[in-house]
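Read off the chains here:
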Amino acid sequence: MAKTSQEIEKEFIVGLKSTTGKDLKGWLTTIKENGIEKRNDIIKWLKEKNNFGHMSASLLAGIYFNNGNPVYGSEQNLLDNQFEKYQEMRPLFELLQKRISEWDNSVEFITKKTYVSITKKREFAAINIKKGELRLGLDLGDKPFDQLVEKSKLTGPMPRISHMVVIKAPSDIDKNLFKLLDTANKRVNP
């Protein structure tokens, strides 16, 4: 099973001193003292002047802009952040999550920074929380788009999440939706 973002970030923080000579607090102080204010400029500086790889530089810049706290410290915090502007969507999200779990209780929901991954062995669907709607992305390959299923416009998941269904009301969580979920799951997790 692939490591979660939280596990990757934790390993990065723990290994920072042994790989760079400075612990997290030391790097946060160094960044602040350097006076660079933009995220991309910090990443560039860490890569070019301090020999960081891109992922490590991005992780450190993310922590710096999160007041020195881990960005992926808790899945609940990540989920709460996704609802920050769209609290009205939480009941519909919780209903969708409940119905998907009833459909298949072996499905896992993994909260990422910008989306919620729906996975078994591999991710086959994902949810974006938007104003007035949930976007359920699905890995449906080359299935033609129609009135129900459109081209994916999700933020975060890999490009293989090719299609999406827009959910605006409980009535949108119907048997057609579960047929699509089943198709995506069987396609990705045969």
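Look above for the structure.
The notes below deal with the structure included here. Keep in mind that what you see is a predicted model, and the values were worked out from it rather than measured.

Brief notes about the environment of Asn81
On the secondary structure map, Asn81 appears in helix 5 (residues 75-82). In sequence terms Asn81 and Thr114 are 33 residues apart; their C-alpha atoms lie 8.7 Å from each other.

Overview of helix 6 (residues 90-103)
Here helix 6 is 14 residues long and its end C-alpha atoms lie 20 Å apart, about the 20 Å a rise of 1.5 Å per residue gives. Those residues of helix 6 that sit buried are Arg90, Leu92, Phe93, Leu96 and Ile100. Axial view of helix 6: buried residues confined to an arc of 165°, hence all on one face. Pointing more than 90 degrees away from the buried face of helix 6 are the exposed residues Pro91, Lys98 and Glu102.

Examining empty space enclosed by the protein
Taking a probe equal in size to a water molecule and rolling it over the atoms shows the remaining empty space. Scanning the entire structure with this criterion turns up 1 cavity of 30 Å³ or more. In this model, the largest cavity occupies a volume close to 60 Å³. If you go around the largest cavity, the residues you meet are Thr4, Ser5, Gln6, Tyr72, Glu75, Leu78, Ile110, Thr111 and Lys112. Of all the secondary-structure elements, those providing two or more residues to the lining of the largest cavity are helix 1 (5-20), helix 5 and strand 1 (108-111). Residues belonging to the lining of the largest cavity are distributed by class as follows: 3 nonpolar, 4 polar and 2 charged.

Reading the values: the criteria
Residues numbered from 1 in each chain as written. Predicted model: local features only at pLDDT ≥ 70, side-chain atom pairs only at ≥ 80, totals over all residues. Heavy atoms only, no water. Helix = DSSP H or I, 4+ residues; strand = E, 2+ residues; numbered from the N terminus. Expected span 1.5 Å × (residues − 1). Buried < 20%, exposed > 50% of the residue type's maximum accessible area, 1.4 Å probe, protein only. Arc of directions from axis to C-beta. 1 Å grid on protein atoms, 1.4 Å probe; cavity = no way out; pocket = protein on both sides within 12 Å on 5 of 7 lines; lining within 4 Å. Points joined across faces, edges and corners; volume = space filled by probe spheres on them. Nonpolar A, V, L, I, M, F, W, Y, C, P; charged D, E, K, R; others polar.

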